[in-house]
Amino acid sequence: MELGMSNVTRRQFLQWTAAVGTTGFPLTGRGSSGRVVVIGGGVGGITAAKSIKKAAPSLNVILVEQKKHYSACFMSNEVLAHSRSLESLRFTYDGLWKYGITVVNQSAVAIDAAVHKVILEGGAVLEYDRLIVSPGIDLRYDVIVGYNRRVAEKLPHAWTSGDQIGLLRTQLEAMQDGGTVLIAAPKNPFRCPSAPYERASQIAWYLQRYKPKSKIILLDAKEIFSQQALFMEAWRALYGFGTQNSLIDWHPASEEGTVTRVDPDAMAVYSGELDTVTKGAVINLIPPQMAGMIARTSGLTDDTYWCPVNKTTFESTKAKDVHILGDACNAQDMPKSAYSAASQAQCVAAVVVSAMSGVGEIPLFTHLNACYSILGQDWAISTVGVYRSNSTGTILQSVEGSGGTSSPGAGATQRKHAVEYAHSWYQNITHALFT
Ligand SMILES: Cc1cc2nc3c(=O)[nH]c(=O)nc-3n(C[C@H](O)[C@H](O)[C@H](O)COP(=O)(O)OP(=O)(O)OC[C@H]3O[C@@H](n4cnc5c(N)ncnc54)[C@H](O)[C@@H]3O)c2cc1C
């Protein structure tokens, strides 16, 4: 393969371009042949499919997605504060065909990795040379007694966007002023570690304007949470946190924060060792999570309910030629986020093209994650992380001294700029995915 670079080695080139995250793609595999099947048309799956097709147009890339539309979870909390429409979270797959990607709108129901086959719900069988699996998460209803898919129609989790986030918004609108909104946050790891706290902030912002006698009780199965000091600084300034009139009350695990069962008829949850009962007019119950069903039923998960992978190539440690990325995989220090999924997808695309063009060399990747949280009018915070794997693929760790968060005590201009960066990131990632 010709890279047209005289003074750098190919390995160096691969490392450098991987380090810039989503902006560069390290390989061209124009002479490659074979078929890549991608399960899951979300952030990870689309990014991988597009990146492969751009680098190696001759590869046959098939994207299997069970839904006709994608509903983004990222930025969905803004819907609750009435600062974003539900429609602005919805995207079609029409834009993908022009890249030569075949989109199959069906659910994948089984993977037979031994014979390199995927079975679709209609019975059709897709053969593959390499398989990429990015099915996102499912909810572990079993962990909370009394909670299930049907009860979630009354006590929404709103963790898979679309109808659920719409339902939560409708319930908030219908609630009388003076009502209690109860939010339950799970233990780590789960999809988007800062999102429950961004959600509490967005709902507080809504209540402050439209139902000021109401309040939020946030029950947490953890002692500490992502960017806690920054969240609490904003809550103090915006919502009276820590005072008697606070819009938000936060209860960590040690203060009966872990929800263990629900009674939907009584609109009540029970938590902690004392089985403390808390009632809510609206209950947003975010349960623990696990890799999407296709990963579990195909034997790609372990006893953590997530998929173990080689942390350099994201190849499953349980099935050869199957790569798992995004929320479904265990990426050690990398948070489960859209930004992470896109970064991992770039890496997997490079590995797959490399393997299918017969090069076989595996680069060492540096990954990036950035997450924004919008906490109220003109107030956002962010966290950035850099992650590196080792040559044997056994670790994927945060790089010490890199990354960081917004500064505590940041000025109004910085906080406002962070809101603009958050919206700009949303424009960029959805543009990159769907057009
Ligand atoms: C409230 C909230 C706020 C968030 N905010 C942010 C944020 O600000 N920044 C950020 O980076 N991340 C954020 N996230 C996290 C982000 O949404 C996820 O991390 C990201 O979507 C993961 O991408 P993925 O490809 O793993 O899964 P997804 O994007 O969920 O895609 C999975 C796709 O696979 C499909 N699928 C599943 N099973 C099958 C099957 N058997 N056959 C066919 N198709 C299948 C699904 O329909 C879905 O389209 C947020 C999440 C939440 C809940």
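Given the structure is predicted, the values throughout are model-derived calculations rather than measurements. (Residues numbered from 1 in each chain as written. Predicted model: local features only at pLDDT ≥ 70, side-chain atom pairs only at ≥ 80, totals over all residues. Heavy atoms only, no water.)

Q: Any chance you could explain the sheet that holds strand S17 (residues 282-285) here in plain terms?
A: Working definition: the strands of a sheet are paired by backbone hydrogen bonds and lie parallel or antiparallel to each other. Across the sheet, four strands lie side by side as S13-S12-S11-S17; this open sheet has parallel pairing. In this open sheet, the two edge strands, each paired with only one partner strand, are strand S13 (248-251) and S17. This sheet shows a mean twist of 15° between the axes of neighbouring strands, independent of strand direction. For strand S12 (residues 215-220) and S13, the ladder comprises four bridges, and the chain directions are parallel. (Pairing = 2+ DSSP bridges. Helix = DSSP H or I, 4+ residues; strand = E, 2+ residues; numbered from the N terminus. Axes fitted to C-alpha atoms, helices over the stretch in contact; angles between N-to-C directions.)

Q: Sorry if this is basic, but what is going on with the site of the ligand here?
A: Around the ligand there are 37 residues in total, and Gly 44, Glu 65, Tyr 70, Arg 191 and Asp 327 lie nearest to it. A distance of 2.9 Å separates an oxygen atom of the ligand from a polar backbone atom of Ala 338. Calculation on the ligand without its partners gives an accessible area of 1000 Å², and the protein chains cover 95% of this total. Where the shell around the ligand is concerned, the elements lending two or more residues are helix H2 (43-55), helix H5 (195-210), helix H8 (338-356) and strand S20 (366-376). Examining the composition of the shell around the ligand, we find that three residues originate from one element, H8, more than from any other. Looking at the shell around the ligand residue by residue, the classes come out as 19 nonpolar, 13 polar and five charged. Residues from two domains meet in the shell around the ligand; each of domain 1 (10-66 + 106-138 + 290-434) and domain 2 (143-287) gives at least three. (Near = heavy atom within 4 Å. Polar contact = N/O pair within 3.5 Å; in protein donor to acceptor, adjacent residues only side chain to side chain. Areas by Shrake-Rupley, 256 points an atom, 1.4 Å probe, with all protein chains shown as cover. Nonpolar A, V, L, I, M, F, W, Y, C, P; charged D, E, K, R; others polar. Domains from an automatic or database assignment.)

Q: What should I look at first to understand the sheet that holds strand S15 (residues 268-271) in this one?
A: Taken in spatial order, the three strands make up an open sheet running S14-S15-S16, and their pairing is antiparallel. Of all strands in the sheet, those with a lone pairing partner are strand S14 (259-263) and strand S16 (276-279), marking the two edges. This sheet shows a mean twist of 25° between the axes of neighbouring strands, independent of strand direction.

Q: Help me understand the domain arrangement of the protein in this model?
A: Size of an interface: often given as the accessible area lost when the parts come together. Split into domains, the protein comes out as domain 1 (10-66 + 106-138 + 290-434) and domain 2 (143-287). Each side of the interface is counted separately: domain 1 has 22 residues, and domain 2 has 20 residues. Carbon and sulfur atoms supply 64% of the area that domain 1 and domain 2 bury against each other, a total of about 1700 Å² over both sides. Seen at the junction of domain 1 and domain 2, the total is one salt bridge. Ionic pairing is found between Arg 191 and Asp 327, a salt bridge with its closest N-O pair at 2.5 Å. (Contact = heavy atoms within 4.5 Å. Buried area = accessible area lost by both parts, 1.4 Å probe. Salt bridge = Lys/Arg side-chain N within 4 Å of Asp/Glu carboxyl O.)

Q: Would you take a moment to explain helix H4 (residues 163-174) for this structure?
A: Every α-helix winds through 3.6 residues per turn, so residues three or four apart in the chain are directed the same way. Here H4 is 12 residues long and its end C-alpha atoms lie 16 Å apart, about the 16 Å a rise of 1.5 Å per residue gives. When we look at burial in H4, the residues that qualify are Gln 164, Ile 165, Gly 166, Leu 168, Gln 171 and Leu 172. Considering only its buried residues, H4 is in contact with helix H3 (77-80), strand S11 (180-185), H5 and S17. (Expected span 1.5 Å × (residues − 1). Buried < 20%, exposed > 50% of the residue type's maximum accessible area, 1.4 Å probe, protein only.)

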